[in-house]
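Each chain, letter by letter, is given below.
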Amino acid sequence: MKLSNWRANIWQILAFGLAIIPAGLTGILILKYSVNVPNWDEWFMAEMFEKISAGSLTFQDLISQHNESRKLFPRILFIGLAYLTGWDVRYQMLVSFILACFISFSLYRLSRLTVGGSSTKLILLAFLANLLIFSPSQQENWLWGIQVVVFVPITCIVACILVAYSNLSLRTQVLIGIILSTVATFSYANGLLCWVIVFPVFALAKFQNWKDLMREKWLIGAGLVGFVSNVVVYFYNYNKPPATPSFAEGVLHPVKALNYFFAFLGAPLAGGSLTMATIVGIILVGILIICCVYIGKFREQKNLINRTLGWLAIAGYTIISAAITASGRVGFGVKQSLSSRYATFAVYLAIPLIYLITIVWEDAAARGLLTRHNLMLNRVLSSVLTLFILLHGIAIDYGIGQMGESQVGRNRGKTCLTFVNVVNTDNCLIWLWNDPEKPEQAKILNIIKARANILNRMGFLQPKLATSNKIEVIKGQRVAKLDYGWLDSMAPVGKDMYAVKGWAILPEKVKPADGVILTYENQHGESIIFAIASVEFKRRDIAKVLGNEAYSKSGWEKVILANQIPPKAGKIKAWALDADTGKAFKLKGNFTLIQ
């Protein structure tokens, strides 16, 4: 092997290693921060499981409307996974990750068909794309199993575009396009865009002019029949969700809608800043316009159109999604555009821009248009790349922080869910439902409680719900010489009210406890559960003593009422809970309530 070839292979291996780092990092983050507990809309799946158990599930149930979407295919997937895994929602997160990997591979394949240069160059471009495809700024979608739905439409679109560039016959391509567009439509609301995006790509990729296209009228007919039939089924008995704003809000408040639109597009690189998101969104749209102007100027060159067509289609999907979302959600406020749930749509503007810039650059160089200004343009491009990396670094840090907060909240909710049949956990069970309106809280809590018991009977909750208020049933085996925390104090704070404080950790997992259980001793010496406390207060002193910042928020506090404890009760004790196993570990220290 020649030395030059050996070096080229080494660079390819290094570039490949670099390209898969974003996927590896996100995979590790999902494993670290995911929590196996139903969250928010996932509680509605329990109703379907109940119907399956009773043998009453119908096709209408599967295709029924949920918010603006009809999630037929995801529901079938969720049901299958539930019976295979005991409804471990982390497997749904795994599906999201697999779909992202498929998208990454497909875009790399598309780049090989449309971008010139060496394999090393293409792999490095894939690295930049993967930074966005696997960005932690999508943290809600990575850590929320039901959000598989947001990955499906772009997966179908990318697959169809790759098919359009293949050597398959046009009839086969159209058939695949109809199938995947239908899957996208009945997975998530904006899946309907797959029809709008994909079929023009099929036509433009195959035909050189309008006359050639008109000779294949069946293509237009097949696309229209598929689209119309999907629309008819989709909107049959469709009802506008009452909690969502009117689309008229975008017309009545155009400035806010425009701000929302740009912030939506720039949010994945903004680290939670509305101003930064708006600026980044404007820059991205500006770059897209420049690329489109260049492509339009040289549109007679069919090769340029063919090379950019797929990337423009993906960018178009994001632009249209942003416009629709801005019109329908601006009523919630402009800041809602920063929701990480939207990041999985928004990143697919910046990703095709990476390749469009490269293709336009290559084409301009081939035309000799860069000779005079080559140095200046190189500096501009280097500055843009540096800014991109910097912004992405900020977004990664912000996203990982949000992942940590999500895990803490889910574990608090899971702790309370475990004891929903034993003590009143209303004040913390709400962690499993994102910010409900005050008037709706009682109704939502009843839904969670009822469906939790359904899931528990079916074996779809791990650990199972506690059936006894005796701590001995869930008492864990302490590891010798490990400290799980302390019940520090118990002091009156008013008439018949006491503040109980302390700190609690899970030393084997090197993190604060997921919750604290309070017990009293009855006349038989049994420790009886009577309250749950959240571990959420800062204890820098504990982190300093234990030499680990992971314990900096290990403090807990609970105000209890004297009537929660029977007269002549014995010692008050506290226990650190591991929500994953459902096991409790006694903290040091105890108090006796004098009544």
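Look above for the structure.
Residues numbered from 1 in each chain as written. Predicted model: local features only at pLDDT ≥ 70, side-chain atom pairs only at ≥ 80, totals over all residues. Heavy atoms only, no water.

**Student:** Help me understand the overall build of the chain in this model?
**Tutor:** The number of helices and strands found in the chain is 21 helices and 12 strands. For the chain, the C-alpha radius of gyration of 28 Å lies close to 25 Å, the compact-globule estimate for 595 residues. Across its three principal axes, the chain shows a C-alpha extent of roughly 90 × 60 × 55 Å. The 595 residues of the chain split such that 52% are buried. For the chain, restricting intrachain contacts to residue pairs at least 6 apart in sequence, the fraction spanning at least 24 positions comes to 72%. Roughly 27900 Å² of accessible area belongs to the chain as shown, and the carbon and sulfur atoms make up 62% of that amount. Distance between charge centroids for the chain: 7 Å, based on 57 positive and 34 negative side chains. (Helix = DSSP H or I, 4+ residues; strand = E, 2+ residues; numbered from the N terminus. Rg over C-alpha atoms; globule rule 2.2 N^0.38 Å. Buried < 20%, exposed > 50% of the residue type's maximum accessible area, 1.4 Å probe, protein only. Contact = heavy atoms within 4.5 Å. Areas by Shrake-Rupley, 256 points an atom, 1.4 Å probe, with all protein chains shown as cover. Lys, Arg positive; Asp, Glu negative; His and termini not counted. Charge placed at Lys NZ, Arg CZ, Asp CG, Glu CD.)

**Student:** Before we go on, may I ask you to explain the pattern of salt bridges in this structure?
**Tutor:** Close approach of charged atoms allows side chains with opposite charge to pair. For the structure on display, the rule yields 18 salt bridges. Its salt-bridge partner being Arg367, residue Asp363 comes within 2.6 Å of it at the nearest N-O pair. As a salt-bridge pair, Asp580 and Lys414 come within 3.7 Å of each other at their nearest N and O atoms. In this pair, Asp580 is assigned in the loop between strand 10 (571-578) and strand 11 (583-586) and Lys414 in helix 18 (residues 374-418), connecting sequence segments 166 residues apart. Salt bridges here are not isolated pairs; linked through shared partners, they connect Lys414, Lys509, Asp578 and Asp580. (Salt bridge = Lys/Arg side-chain N within 4 Å of Asp/Glu carboxyl O.)

**Student:** Quick question: what am I supposed to make of helix 16 (residues 302-329) here?
**Tutor:** Side chains that are three or four residues apart share a direction in an α-helix, a result of its 3.6 residues per turn. Between its first and last C-alpha, helix 16 extends 39 Å over 28 residues, near the 40 Å set by a 1.5 Å rise per residue. Where helix 16 bends most, at Leu309, the angle is about 40 degrees. (Expected span 1.5 Å × (residues − 1). Bend = angle between axes of the 7 residues up to and from the residue.)

**Student:** Looking at this structure, how should I read the packing of helix 9 (residues 170-185) against helix 12 (residues 217-235)?
**Tutor:** Any two packed helices are characterised by the angle at which their axes cross and by the distance between the axes. The geometry of helix 9 relative to helix 12 is characterised by a closest axis approach of 11 Å and an angle of 15 degrees between their N-to-C directions. By the angle between their axes, helix 9 is roughly parallel relative to helix 12. Relative to helix 12, helix 9 is oriented so that their crossing is right-handed. Seen from helix 9, the contacting residues are Leu170, Arg171, Val174, Ile178, Ser181, Thr182 and Thr185; seen from helix 12, they are Trp218, Leu219, Ala222, Asn230 and Tyr234. Grouping the amino acids of the contact of helix 9 with helix 12 by side-chain chemistry returns 7 nonpolar, 4 polar and 1 charged. (Axes fitted to C-alpha atoms, helices over the stretch in contact; angles between N-to-C directions. Parallel < 35°, antiparallel > 145°, perpendicular 65-115°, else oblique. Left-handed = near helix turned anticlockwise from the far one by under 90°. Nonpolar A, V, L, I, M, F, W, Y, C, P; charged D, E, K, R; others polar.)

**Student:** Sorry, what's going on with the packing of aromatic side chains here?
**Tutor:** Working definition: an aromatic ring pair is given by the centre-to-centre distance plus the angle between the planes. Under the criterion given, the structure shown has 22 aromatic pairs. Taking the centre distance of 5.3 Å and the plane angle of 70 degrees together, the rings of Phe261 and Phe262 count as edge-to-face. Per residue, the accessibility class of Phe261 equals that of Phe262, and both read buried. Taken together, a centroid distance of 4.8 Å and an interplanar angle of 50 degrees make the contact between Tyr294 and Phe298 tilted. Among the aromatic side chains, those forming a connected cluster through ring pairs are Phe49, Tyr83, Trp87 and Phe460. (Phe/Tyr/Trp six-rings, centres within 6.5 Å; stacked < 30°, edge-to-face > 60°.)

**Student:** Hey, could you run me through helix 2 (residues 45-54) in this one?
**Tutor:** For helix 2, the full list of buried residues reads Met45, Ala46, Met48 and Phe49. Burial along helix 2 is one-sided: seen end-on, the buried residues are contained in an arc of 155 degrees. On its buried side, helix 2 packs onto helix 3 (59-63), helix 4 (72-85) and helix 20 (441-457). Just past helix 2, the residue Gly55 takes up positive phi, approximately 75 degrees. (Arc of directions from axis to C-beta.)

**Student:** Would you take a moment to explain the state of the cysteines for this structure?
**Tutor:** Put plainly, a disulfide is one covalent bond tying together the sulfur atoms of two cysteines. Inspection of every chain in the model, using the stated rule, returns 1 disulfide. Disulfide pairing is shown between Cys416 and Cys428; the S-S distance is 1.6 Å. Given an S-S torsion of about -110 degrees, the disulfide between Cys416 and Cys428 has left-handed geometry. Note that Cys416 is positioned in helix 18 and Cys428 in helix 19 (residues 426-429), a separation of 12 residues in sequence. The same class applies to Cys416 as to Cys428, namely buried. Looking at the unpaired Cys291, the closest cysteine sulfur is the one in Cys292, lying at 6.9 Å. Relative accessible area serves as the criterion here: at 36%, Cys292 is assigned to the partly exposed category. (Disulfide = S-S within 2.5 Å.)

**Student:** Before we go on, may I ask you to explain the nonpolar core in this structure?
**Tutor:** Across soluble globular proteins, nonpolar side chains have a tendency to be buried as a group. Grouped together as the largest cluster of nonpolar side chains are 149 residues, with contacts concentrated most on Leu417 and Ile517. Looking at this core element by element, the count peaks at 14 residues for helix 17 (residues 343-366). Excluding anything up to four places from it in sequence, Leu417 contacts Val37, Trp43, Leu429, Leu432, Ile448, Ala452, Leu461 and Leu465. Of all hydrophobic cores here, the second largest spans 27 residues; its members include Val516, Tyr520, Ile565 and Ala569. (Core = buried A, V, L, I, M, F, W, Y, C linked by side-chain atoms within 4.5 Å.)

**Student:** For this particular structure, what's the right way to read unusual backbone geometry?
**Tutor:** Peptide bonds are, in most cases, trans, and in most cases residues other than glycine have a negative phi. Each neighbour pair has its own omega, and for Gln462 with Pro463 the value is -5 degrees, a cis peptide bond. One non-glycine residue, Trp40, lies in the positive phi region at around 50 degrees. Along the polypeptide, Trp40 turns up in the loop between helix 1 (3-33) and helix 2. With a relative accessible area of 19%, Trp40 lands in the buried category. Look at Asn237: it is not a glycine, yet its phi comes out positive at around 60 degrees. Topologically, Asn237 is positioned in the loop between helix 12 and helix 13 (248-252). Take Asn237: its relative accessible area is 57%, and that puts it in the exposed class.

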